[in-house]
Amino acid sequence: MKSILASYRRCFADRRFVVAFFLSFLFFCAGIVVSTLAGFYATVRASNYVEDIVLSNIPSVRVDDLFVVGTFVIIVFVLCLLLTRPHWVPYTLSSLALFYIVRAVFISLTHLGPFPDRVEVVDWGTIVAKFIGGNDLFFSGHTGAPFLLALIFWQTKPLRYVFLAWSAFFATIVLLGHLHYSIDVLAAFFITYGVFHTAELFFKKYRTIFHEGIQP
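This one's a predicted model, so the numbers in the text were calculated from it and none came from an experiment.

Participant: Got a minute to help me understand the overall build of the protein in this structure?
Facilitator: From N to C terminus, the protein includes nine helices and zero strands. Starting at the N terminus and ending at the C terminus, the protein contains elements arranged as α-α-α-α-α-α-α-α-α. The buried share of the protein, reckoned over its 216 residues, is 48%. Across the protein, every contact between residues at least 6 apart in sequence was considered, and the portion connecting residues at least 24 apart equals 86%. Here the protein has roughly 11,300 Å² of accessible surface; of this, 70% comes from carbon and sulfur atoms.

Participant: Please clarify how the nonpolar core should be interpreted in this entry.
Facilitator: Core analysis: the biggest nonpolar cluster contains 47 residues, and Phe67, Trp88, Tyr91, Leu149, Ile152, Phe153 and Phe163 have the highest contact counts within it. At the level of elements, helix H3 (64-84), helix H4 (89-109), helix H6 (141-152), helix H7 (157-176), helix H8 (182-202) and helix H9 (204-212) are the ones that each hand at least two residues to this core. Top element by residues in this core is H7. It accounts for eight residues. For Tyr91, the contacting residues outside a window of four places in its chain are Ile152, Phe196, Ala199, Glu200, Phe203, Tyr206, Arg207 and Phe210.

Participant: Is there a simple way to think about the packing of H6 against H8 in this case?
Facilitator: How two helices sit against one another is set out by the angle between their axes and by the gap between those axes. Running from N to C, H6 and H8 cross one another at 40 degrees; their axes reach a closest spacing of 9 Å. One finds that H6 runs oblique with respect to H8. Like other packed secondary-structure pairs, H6 and H8 cross with a definite hand, here right-handed. On H8, the residues that touch Thr143, Gly144, Phe147, Leu148, Leu151 and Ile152 of H6 are Val185, Ala188, Phe189, Thr192, Tyr193 and Phe196. A breakdown of the residues in the contact of H6 with H8 according to their chemical character gives nine nonpolar, three polar and no charged.

Participant: Looking at this model, I keep getting lost on the packing of aromatic side chains. Mind explaining?
Facilitator: Any pair of aromatic rings gets described here by the distance separating the centres and the angle formed by the planes. Counted under the stated rule, the structure contains 24 aromatic pairs. Judged by centre distance (5.8 Å) and plane angle (25 degrees), the rings of Phe153 and Phe163 are stacked. Of the two residues, Phe153 sits in the loop between H6 and H7 while Phe163 sits in helix H7, which places them ten residues apart along the sequence. For Phe153, a relative accessible area of 1% puts it in the buried group. Among the aromatic side chains, those forming a connected cluster through ring pairs are Phe77, Trp88, Tyr91, Phe153, Phe163, Trp166 and Phe210.

Cut-offs used in this document
Residues numbered from 1 in each chain as written. Predicted model: local features only at pLDDT ≥ 70, side-chain atom pairs only at ≥ 80, totals over all residues. Heavy atoms only, no water. Helix = DSSP H or I, 4+ residues; strand = E, 2+ residues; numbered from the N terminus. Buried < 20%, exposed > 50% of the residue type's maximum accessible area, 1.4 Å probe, protein only. Contact = heavy atoms within 4.5 Å. Areas by Shrake-Rupley, 256 points an atom, 1.4 Å probe, with all protein chains shown as cover. Core = buried A, V, L, I, M, F, W, Y, C linked by side-chain atoms within 4.5 Å. Axes fitted to C-alpha atoms, helices over the stretch in contact; angles between N-to-C directions. Parallel < 35°, antiparallel > 145°, perpendicular 65-115°, else oblique. Left-handed = near helix turned anticlockwise from the far one by under 90°. Nonpolar A, V, L, I, M, F, W, Y, C, P; charged D, E, K, R; others polar. Phe/Tyr/Trp six-rings, centres within 6.5 Å; stacked < 30°, edge-to-face > 60°.

Here it is as structure tokens:
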């Protein structure tokens, strides 16, 4: 606990970090808002479904509980992770913000309807269903976001494997529940990889803080 408090004192005593912290937080909030609005738009504009080589050949499985609980668990895990290492915040939030904005562009361009026997997130309330159970299909954010976190924390092996496992878990869950088309899941890895390298290019200073922290 003392080392964490000392890290907070060092970080917030540095004006550059304070600016980076608040700018990344605002950018992240903007990314969430843009992504949410794009999801609502895609849901309203959703058209017909299409055949899928995977979904058409496997039965729909009731996975909504795993889907919702898994989402909340990873959010809490990442929040706790960042709270213990404040120097990780600017780069992580900025990368996630870029991820959500890129995804918002994609889902705004693609208006496929959901697969007809998809699992509906109905037992968790209207708000939850709207935010994580809409028709914002291409590409899968639940698959891509943990993969992005795995790339961000690649040099920390335990976290790398935890986030890779989470990405694989969500990829499996959304396919079993017919929540996403197979192309949504497959494309998520390739697009996310591009987002990661774009973030490295745009947020070099934040990346330096992420690796080196704020020196005492």
